[in-house]
Amino acid sequence: MDFQVVVLAGGTSEKLSPLVSKDVPKALLPVANRPAISYVLDLLESSDLKDIIVGQEAARLVGAWISSAYLDRLVVEVVAVTEDIGTAGALRAISKRLVANDVLVISGDLVTDVLPGAVAATHRRNGAAVTALLCSVPVSGPSDAASSGGKDKAKKPCRLNIVGLDITRQFLLHVVSGTDVEKDVRVYKRKIRAVGQMEIRSDLMDAHLYAFNRTTLQDVLEQKEAYRSIRLEVLPYLVKSQLRSAPSGGEGTIVDETGNVVVPPSSNLQCLSQHRAIAPSAFKQDLLASSGGGTHRCCVYIASKNKYCHRLNSIQAYCDINRDVIGEASHLSGYSFSSHNNIIHPSCVLGSKST
């Protein structure tokens, strides 16, 4: 069996209150007059990924809509999953249903034109344990960056993650997310020595689209029963454990609030120099080879800057996405625009004198 797809659709998120409710779960929240989850399902269909499990608290409502809208198009099983167990908990709850060699996990609130098939192909090509989709941070930034008052309502992109990449930008070597982003981040000398060179980036957003090796994923979920979040716990654990030859400990290099590496004057971390050239082949061979040591690859697929990628995870994001989908990202709407750049529904009949 090829990839299995798990869509974690969420339920009645507090960040979207009062827009969502038990009668209108987040998955069915209208975006340009279409349920939010339809954007993900259409994307999967375009990549010919049709074996889908949807984890959703309001399984009856969402299942009924999907059955009518995607009849004979997708094979979708909607599983009731409570929202308070987190994304990792939701995967754990449906783990026994996963039988394919690889699993594509995608958030149901993602609106993007990056094809999941491209992420899946990168994952297979690298033989990775996990491959994460990274996109440019949306211009509007996260919801908590919004101005609470004043005339200037313009928002700026904010740092959502700090990631460390190898010089080929294929392998994920370091990741810091969530509240830890606001603190100094230490990159240990042993890790730098193991990988030779690392590019630190703070301008990329974790899009919540991951390709996992099923066995690796199930092992982590079973061993780490307390894990609740894919982004904050499962992914960092896999990234850290791939560098077993570089255990944590010892002095570290500090990354400041701008995302730049700060090397203490007394430190001799010359291996952090941006001018040092380390052959990518040496990195792959020494660190990420499939060996008896059990190391595994953590990879990334970085979307080009002209791709649209946004998550519907706040009221501000909901406004941004609705505006974008009938504007700069109108190709996602599925609507045909008239010569006057407006939308005329197919059911409308225009009279001879209509304008």
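Our subject is the structure that appears above.
Within each chain, residues carry numbers counting from 1 in the order of the written sequence. Side-chain atom pairs in this predicted model are given and counted only at pLDDT of 80 or more, local residue features only at pLDDT of at least 70, and totals for whole chains, interfaces and linings cover all residues. Computation of side-chain values: all heavy atoms of the structure, hydrogens and water removed.

**Q** Honestly, the overall build of the protein in this entry has me stumped. Any pointers?
**A** A helix here means a DSSP run of H or I that spans at least four residues, while a strand means a run of E at least two residues long, and both kinds are numbered starting from the N terminus. When you go through the protein residue by residue, the secondary structure sums to nine helices and 17 strands. Any residue under 20% of the maximum accessible area for its type is buried, any over 50% is exposed, and the rest in between are partly exposed; the area is computed with a 1.4 Å probe on protein chains only. In the protein, which comprises 355 residues, the proportion classed as buried is 48%. If you take every contact in the protein between residues at least 6 apart in sequence, the share linking residues at least 24 apart comes to 73%. For the protein, the accessible area works out to roughly 17,700 Å², and carbon and sulfur atoms hold 50% of it. We call two residues contacting when some pair of their heavy atoms lies within 4.5 Å. Only the protein chains shown count as cover for residues, with accessible areas throughout obtained via the Shrake-Rupley method and a probe of 1.4 Å.

**Q** Honestly, helix H9 (residues 315-325) in this entry has me stumped. Any pointers?
**A** Within H9, burial applies to Ala317, Tyr318, Asp320, Ile321, Asp324 and Val325. All buried residues of H9 project into a common sector of 165° when viewed along the axis, lining one side. Those residues of H9 that are buried lie in contact with strand S2 (30-31), helix H1 (36-46), strand S7 (110-112) and strand S17 (309-311). Comment: arc refers to directions from the helix axis out to C-beta atoms.

**Q** Would you explain the sheet that holds strand S10 (residues 172-177) in this entry?
**A** Neighbouring strands of a sheet are bound in pairs by backbone hydrogen bonds; such pairs are parallel or else antiparallel. Here three strands make up an open sheet; going across it, the order is S10-S9-S12 and the pairing antiparallel. The open sheet terminates on both sides in strands that have one partner only, identified here as S10 and strand S12 (199-201). The average undirected angle you get between the axes of adjacent strands in this sheet is 15°. Working convention: axes come from line fits to C-alpha atoms, limited for helices to the stretch in contact. Angles between N-to-C directions cover 0 to 180 degrees. Across the sheet, helix H7 (residues 230-241) lies against strand S9 (161-165) and S10, angled at about 155° from S10, the strand it touches most. At least two DSSP bridges between two strands are needed for those strands to be called paired.

**Q** I keep staring at the packing of aromatic side chains and nothing clicks. Help me out?
**A** Each pair of aromatic rings is reported with the distance of its centres and the angle of its planes. Any two rings among Phe, Tyr and Trp, with Trp reduced to its six-membered ring, count as a pair given centres within 6.5 Å; such a pair is stacked if its planes are under 30 degrees apart, edge-to-face if over 60, and tilted if neither. Scanning all chains against the criterion turns up three aromatic pairs. When the centroid spacing of 5.9 Å and the interplanar angle of 40° are considered together, the rings of Tyr210 and Phe212 count as tilted. For the pair Tyr210 and Phe212, one class covers both residues: buried. Only when the NZ atom of a Lys or the CZ atom of an Arg is both within 6 Å of the ring centre and within 35 degrees of the ring normal do we say a charge sits over the ring. One Lys or Arg, Arg34, reaches over the ring of Tyr39 and ends 4.0 Å from the middle of that ring.

**Q** I keep staring at the environment of Val300 and nothing clicks. Help me out?
**A** Looking at the secondary structure, you find Val300 in strand S16 (residues 298-302). Expressed as a C-alpha distance, the spacing of Val300 and Val130, which sit 170 residues apart in the sequence, is 8.2 Å. Sequence-distant contacts of Val300, defined by excluding residues within four places in its chain, comprise Thr122, Thr131, Ala132, Leu134, Leu165, Arg169, Gln170 and Leu172.

**Q** Please explain the packing of H1 against helix H2 (residues 59-69) as it appears in this structure.
**A** Helix-helix packing: each pair is described by the crossing angle between the helix axes and the interaxial distance. Running from N to C, H1 and H2 cross one another at 50°; their axes reach a closest spacing of 12 Å. Between H1 and H2, the angle falls in the class oblique. As H1 packs across H2, the resulting crossing turns out to be right-handed. Packed against H1, whose contacting residues are Ile37, Ser38 and Leu41, the element H2 presents Val62, Trp65 and Ile66 at the interface. Any angle that is under 35 degrees is reported as roughly parallel, and any over 145 degrees as roughly antiparallel; angles of 65 to 115 degrees are reported as roughly perpendicular and all others as oblique. By definition, any crossing whose near helix is turned counterclockwise from its far helix by less than a right angle is left-handed, and any crossing with a clockwise turn is right-handed.

**Q** Explain the sheet that holds strand S5 (residues 75-80) to me, please; I cannot follow it from the model alone.
**A** Strand order in the open sheet formed by seven strands is S5-S4-S1-S6-S13-S8-S16, and the pairing between neighbours is mixed. Since the sheet does not close on itself, it has two edges, and those belong to S5 and S16, each with one partner. Taking the axes of each pair of neighbouring strands and ignoring which way they run, one obtains an average angle of 25° across the sheet. Pairing between strand S8 (residues 130-136) and strand S13 (residues 204-213): six bridges, direction antiparallel. By the bridge assignment for S13, Cys135 is matched with Met205.

**Q** What's the story with H2 in this structure? I'm lost.
**A** The α-helix winds at 3.6 residues per turn, so residues separated by three or four positions along the chain end up facing the same way. Considered for burial, the residues of H2 that qualify are Ala59, Val62, Gly63 and Ile66. Seen from one end, H2 has its buried residues packed into an arc of 100°, which puts them on one side. For H2, exposure combined with an orientation more than 90 degrees from the buried face picks out Arg60 and Ser68. For H2, the secondary structure elements touched by its buried residues are H1, strand S4 (51-56) and S5.

**Q** How should I be thinking about the pairing of strand S6 (residues 102-107) in this particular structure?
**A** For a regular strand, the rule is simple: side chains alternate between the two faces of the sheet. Of all six residues that make up S6, six are buried, and the element is covered over most of its length. Covered by surrounding structure in S6 are Asp102, Leu104 and Ile106 together with Val103, Val105 and Ser107, the residues of both alternating faces. One ladder, built from five bridges, connects S6 with S13; its direction is antiparallel. Among the inter-strand pairings, Leu104 is bridged to a residue of S13, identified as Ala211.

**Q** I would appreciate a short explanation of the pattern of salt bridges in the present structure.
**A** A side-chain nitrogen of Lys or Arg and a carboxyl oxygen of Asp or Glu constitute a salt bridge if their distance falls within 4 Å. The tally for this structure, following the rule as stated, stands at 13 salt bridges. Residue Glu77 pairs with Arg97 through a salt bridge whose shortest N-O separation is 2.8 Å. Residue Glu77 is located in strand S5, and its partner Arg97 is located in the loop between helix H3 (86-93) and S6; the two are separated by 20 residues in the primary sequence. A relative accessible area of 35% means that Glu77 is categorised as partly exposed. Arg97 gets classed as partly exposed once you look at its relative accessible area, which sits at 36%. In this structure, Glu199 and Arg201 form a salt bridge, with 3.7 Å as the shortest nitrogen-oxygen distance. On the basis of relative accessibility, which here comes to 14%, the residue Arg201 falls in the buried class. What emerges from the salt-bridge pattern is a single network uniting Arg34, Asp42, Glu45 and Arg73.

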